[in-house]
Amino acid sequence: MKKNKSVVQNILTNSLACIALLAGCAGFTEDGNSCADITEDFANQFAAARVMQSGYANIDEVRDSMTVFLEVLGGCLKRGESFVFDPNYYFVDKQSFAYKFRNDTLLLSYYYEDKSTKEVDTDILVGGSSGKLDGTWLMTQCIYVNDEYGCGNEGYNKYLKIDGNKVEFRADDRADYDYMNSVFVNDLFDFFGKANSDLRIKYVFYGSRVVGSSAEKYGITVQEKTNKSMKFAFENRVFDLNLKYARYRDSVSVSLKSGETTCVGVYSVKHDVPPELCRDENAEYLQHSRYENSESEALRYERSNSEEFEDCINGILGRERK
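Predicted model only: the values in this text are computed from it and were never measured. Residue numbers restart at each chain and count upward from 1, following the sequence in its written direction. Totals for whole chains, interfaces and linings use every residue, but because this is a predicted model, local features are given only for residues with pLDDT of at least 70 and side-chain atom pairs only at 80 or more, for both listing and counting. In computing side-chain properties, one takes all heavy atoms of the structure into account and sets aside hydrogens as well as water.

Colleague: Tell me about the overall build of the protein chain, and please be specific about residues and values.
Modeller: Strands are runs of DSSP state E lasting at least 2 residues, helices are runs of H or I lasting at least 4, and numbering of each runs from the N terminus. Scanning the protein chain for helices and strands turns up five helices and 16 strands. When each of the 322 residues of the protein chain is scored for burial, the buried share is 47%. For the protein chain, restricting intrachain contacts to residue pairs at least 6 apart in sequence, the fraction spanning at least 24 positions comes to 56%. Categorising residues by exposure relies on relative accessible area from a 1.4 Å probe, with only protein chains included: less than 20% of the type maximum marks a residue as buried, more than 50% marks it as exposed, and the intermediate range marks it as partly exposed. We call two residues in contact whenever any of their non-hydrogen atoms come within 4.5 Å of each other.

Written out as structure tokens, the structure is:
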């Protein structure tokens, strides 16, 4: 799961009682109709999505609680100074929720705490049947953090399937997503203006509301734009930015061309490291942990050429890295 959490059941129960009284659309309307776009092809969308994690659940209908156990089967481990793939490695990542139905909407709440934060987060899911956990649910991009409601704009859909005590999380990439209005493009414009900004290529999947203002701030003029490409001018140069490939929690490839020079930025991540990548020569790309803040020994593989991509852009602009 996305955070390492401990559950305090009475806090969750109180938070859900509060959520039921909140106004506004949170994946549902006041008449119970879902705000999310559940199409007639929803079953096919889920079938085509990739399995991210799977496992089993203990459901307590009396307390309206569910504890999910996500299984790690096999993994890349560090043994001494070497990396070894162990096909028999087994680990369970545990997450507990309080659940509540509001008409056709499922609310899953969990308590999160770290050194600086204590909060109750509530995910909003639609697509299943009212009062019934079993089914296929779309995890909307809206969430309550304590009693504050907000929505993201990300380049993927996430699904949860519950079948008795079996659970499965899947994801797919949104065909209509505007990659040219992402945090990565905002970072790119900041880099053009500041030179010392970091280009986080993987952030192409996360929406930004400030791309337009960043362009204006640094004197960038957008000339043409689609959801996967953009032509813009900066300091009397014209640039063509193209998203060549993007697959959530897998890999990204982008190109930026000006004149005769083309800069290519790539990013790759494997949370389930295959045996061929679990090698000593990949030591700098094998990191803890497979899940954020998880106690699992299994490593993940993450590699990017951000620095080379930045150096290439600096070369076009005729400047040195700061």
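Let's pick the thread back up.
Colleague: Residue-level account of the state of the cysteines, with values.
Modeller: Whenever a pair of cysteine sulfur atoms sits within 2.5 Å, that pair is classed as a disulfide. A full pass over the atoms with the stated rule returns three disulfides. A disulfide bridge connects Cys-263 with Cys-312, and the sulfur atoms are separated by 2.0 Å. Classification of the bridge connecting Cys-263 and Cys-312 rests on its S-S torsion, roughly -80°, and on that basis the disulfide is left-handed. Of the two residues, Cys-263 is situated in strand 14 (residues 261-270) and Cys-312 in helix 5 (residues 306-317); the sequence distance between them amounts to 49 residues. Overall, the relative accessible area of 1% leaves Cys-263 in the buried class.

Colleague: So, unusual backbone geometry: which residues are in play, and what are the values?
Modeller: The phi angle at Asn-236 is positive, at roughly 65°, despite the residue not being glycine. Along the chain, the position of Asn-236 falls in the loop between strand 11 (229-234) and strand 12 (237-247). We note that Arg-249 has phi near 50°; this positive angle belongs to a residue other than glycine. Of note, Arg-249 is situated in the loop between strand 12 and strand 13 (251-258). What makes Arg-249 partly exposed here is its relative accessible area of 22%.

Colleague: Give me the lowdown on the packing of helix 3 (residues 183-194) against helix 5, citing residues and values where you can.
Modeller: As a packed pair, helix 3 and helix 5 sit with axes 11 Å apart at the nearest point and diverge in direction by 45°. Taken as axis vectors, helix 3 and helix 5 run oblique relative to one another. Crossing of helix 3 against helix 5: the hand is right-handed. On helix 5, the residues that touch Phe-184, Leu-188, Phe-191 and Phe-192 of helix 3 are Phe-309, Glu-310, Ile-313, Asn-314 and Leu-317. Looking at side-chain class alone, the contact of helix 3 with helix 5 contains seven nonpolar, one polar and one charged residues. Working convention: axes come from line fits to C-alpha atoms, limited for helices to the stretch in contact. Angles between N-to-C directions cover 0 to 180 degrees. Here the word oblique covers every angle except those under 35 degrees (roughly parallel), over 145 (roughly antiparallel) and from 65 to 115 (roughly perpendicular). Each helix crossing is assigned a hand: it is left-handed if the near helix lies turned anticlockwise from the far helix by less than a right angle, otherwise right-handed if that turn is clockwise. Polar here means any residue other than Ala, Val, Leu, Ile, Met, Phe, Trp, Tyr, Cys and Pro, which are nonpolar, and Asp, Glu, Lys and Arg, which are charged; Gly is therefore polar.

Colleague: I'd love a proper account of the pattern of salt bridges, names of residues and values included.
Modeller: Opposite charge on two side chains allows them to pair when their charged atoms are near. In what follows, salt bridge is the name for a side-chain nitrogen of Lys or Arg lying within 4 Å of a carboxyl oxygen of Asp or Glu. Applying the stated criterion across every chain, the model contains twelve salt bridges. The closest approach of N and O atoms between Asp-178 and Lys-225, which form a salt bridge, is 2.7 Å. You can see Asp-178 sitting in the loop between strand 9 (166-173) and helix 3 and its partner Lys-225 sitting in strand 10 (residues 221-225), a full 47 residues away along the chain. Classification of Lys-225 as partly exposed rests on a relative accessible area of 43%.

Colleague: Which residues make up the pairing of strand 7 (residues 148-151), and what values do they have?
Modeller: The rule for pairing is simple: two strands pair if DSSP sees at least two bridges between them. Taken together, the four bridges between strand 6 (residues 135-145) and strand 7 define a ladder with antiparallel strand orientation. Considered in strand 7, the bridge of Ile-143 is made with Gly-150. Joining the antiparallel neighbours strand 6 and strand 7 is a turn of two residues, in which Asn-146 adopts a positive phi near 55°.

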